[in-house]
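The primary structure of each chain is shown beneath.
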Amino acid sequence: GTWGSWGPWSSCSSSCGDGVALRSRRCLRSSEEQPCAGDPRQYRLCQLQGCPSGSVPFRAMQCSLFDNRPVLGTSARYRWVPFHGAPNLCDLNCLAEGHNFYYSFGRVLDGTRCGPGSPDLCVGGRCLSVGCDGILGSGSRPDACGQCGSGRGSCVLVHRLFQGSDPSSGYLGYVNVTKIPAGATHIKVTDKSRNYLALMASDGRFVLNGDWAIARPGPYEAAGTLLTYSRAPDGTESLEAPGPTHEDLHVMVRPGGHGVGDSHPPRLPSLTCCPPQVLLQEPNPGIEYQFWLPRGHPQLGRADTSPL
């Protein structure tokens, strides 16, 4: 079969918050053997300005339409609130307030959230995920670089193992691992030694474990993304961030054993003139790092490390 062109998008189903818009197409030619394959209707998410404070949530408003109306074939009257424990998320399941039963009043209206906190919406009684293209049920997902609809092969994975030299071959201090360039996504760095990972921004400011202070595990803002730093009891450390980064980040290693409160921590050479470093106190079993870059990124094909 052959489809005609898509028609224009309808207006949004809601006046605030989330809603859906619809467009449709007609099957121009088909036969019993070859009908038009696909859906004649398509829905997309439309996000409007937030609803005023104190507004009744969409599903709760739909339940309240049945307040004090006879149901279940009796003259009893109830007030209804949403019930989220029923199997079909896109039925209007409402709990009788003050009672232990719920009733299903059919389907929810299109554009209703499938559940509390869910990003998915109900359309035609089905719970549909929003693709990265904004189309409900399209299945479109961003690639590893965060691009939607770019197809396979638009990203390149940088995945390497750093095995620095023994500290006796150089000064005791921060040692270069790599530069994570601006635009990197899905960043992960893992170190299984008793040394400490350190991270420096492109302006020479330490984000983690700088100036001989040992940072606590937890979330940190860096280069426009949220970085998660973890340290296991056996000394294994990891840095993870979804990206994309807005500036270069420099991964280093520093030796363990000198933390906040040491009376005479060793003095470090100035790092404002030097490459990012790693602090070492024992042989380095390997620091594994990986991140994704868009294909054609200027950093690809160059050495990982670069001077600050």
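Residues numbered from 1 in each chain as written. Predicted model: local features only at pLDDT ≥ 70, side-chain atom pairs only at ≥ 80, totals over all residues. Heavy atoms only, no water.

A. Spotlight on the nonpolar core. Membership of the largest hydrophobic core comes to 27 residues, with the highest contact counts inside it found for I180, V189, L199, L208, L239 and F291. When sequence neighbours within four positions are dropped, the list of residues in contact with F291 reads V156, L157, V158, K179, I180, P181, A184, T185, H186 and I187. (Core = buried A, V, L, I, M, F, W, Y, C linked by side-chain atoms within 4.5 Å. Buried < 20%, exposed > 50% of the residue type's maximum accessible area, 1.4 Å probe, protein only. Contact = heavy atoms within 4.5 Å.)

B. Structural view of the layout of surface pockets. The volume enclosed by the largest pocket comes to roughly 400 Å³. In terms of lining, the largest pocket is formed by 20 residues, of which the most central are P57, F58, R59, T112 and R113. Sorting the residues of the lining of the largest pocket by element identifies helix 1 (58-64) and strand 8 (112-113) as the ones contributing at least two each. Split by residue class, the lining of the largest pocket holds eight nonpolar, nine polar and three charged. There is about 180 Å³ of room inside the second largest pocket. Around the second largest pocket, the lining comprises 13 residues; the ones closest to its centre are D39, R41, Q42, L136 and G137. Residue assignment for the lining of the second largest pocket shows that the elements contributing at least two residues are strand 4 (41-47) and strand 10 (126-128). Taken together, the residues of the lining of the second largest pocket sort by class into six nonpolar, three polar and four charged. (1 Å grid on protein atoms, 1.4 Å probe; cavity = no way out; pocket = protein on both sides within 12 Å on 5 of 7 lines; lining within 4 Å. Points joined across faces, edges and corners; volume = space filled by probe spheres on them. Helix = DSSP H or I, 4+ residues; strand = E, 2+ residues; numbered from the N terminus. Nonpolar A, V, L, I, M, F, W, Y, C, P; charged D, E, K, R; others polar.)

C. Layout of the sheet that holds strand 11 (residues 155-162). If you trace the six strands from one edge of the open sheet to the other, you get 11-20-13-18-17-16, paired in antiparallel fashion. The strands lining the two open edges of the sheet, one partner per strand, are strand 11 and strand 16 (218-222). Geometrically, the sheet is characterised by an average inter-axis angle of 15° between neighbouring strands, direction not taken into account. Across five bridges, strand 13 (residues 185-191) lies against strand 20 (residues 287-294) in antiparallel orientation. Following the sheet pairing, T190 is matched in strand 20 by E288. (Pairing = 2+ DSSP bridges. Axes fitted to C-alpha atoms, helices over the stretch in contact; angles between N-to-C directions.)

D. Summary view of the pattern of salt bridges. Evaluated as defined, the whole model comprises five salt bridges. Put simply, R113 and D18 hold a salt bridge, and the shortest N to O gap is 2.1 Å. Taken as a pair, R113 in strand 8 and D18 in strand 2 (residues 18-24) lie far apart in primary sequence, 95 residues in all. The salt bridge involving R79 is made with E97; its shortest N-O contact spans 3.7 Å. On the criterion of sequence distance, the pair formed by R79 in the loop between helix 1 and strand 5 (80-82) and E97 in the loop between strand 6 (91-96) and strand 7 (102-107) is long-range, its members being 18 residues apart. E97 gets classed as partly exposed once you look at its relative accessible area, which sits at 44%. Connected via shared salt-bridge partners are D67, R79 and E97. (Salt bridge = Lys/Arg side-chain N within 4 Å of Asp/Glu carboxyl O.)

E. Representation of the sheet that holds strand 7. Taken together, the three strands give an open sheet; going across it, the order is 5-6-7, and neighbouring strands pair in antiparallel fashion. Of all strands in the sheet, those bounded by a partner on one side alone are strand 5 and strand 7. Between one strand and the next, the sheet's axes are offset by a mean angle of 40°, whatever the strand orientation. Of the pairings in the sheet, the one linking strand 5 to strand 6 comprises three bridges and is antiparallel in character. Residue W80 lies in a different strand from strand 6, and its bridge partner there is A96.

F. Up close: unusual backbone geometry. The amide bond that connects G243 to the next residue, P244, takes the cis arrangement and shows omega of 0°. Among the secondary structure elements, P244 is positioned in the loop between strand 18 (237-241) and strand 19 (249-254). Even without glycine at this site, H186 takes up a positive phi of about 50°. Its place among the elements puts H186 in strand 13. Although it is not a glycine, A223 sits at a positive phi angle of roughly 55°. Look at A223 and you get buried, because its relative accessible area is 11%.

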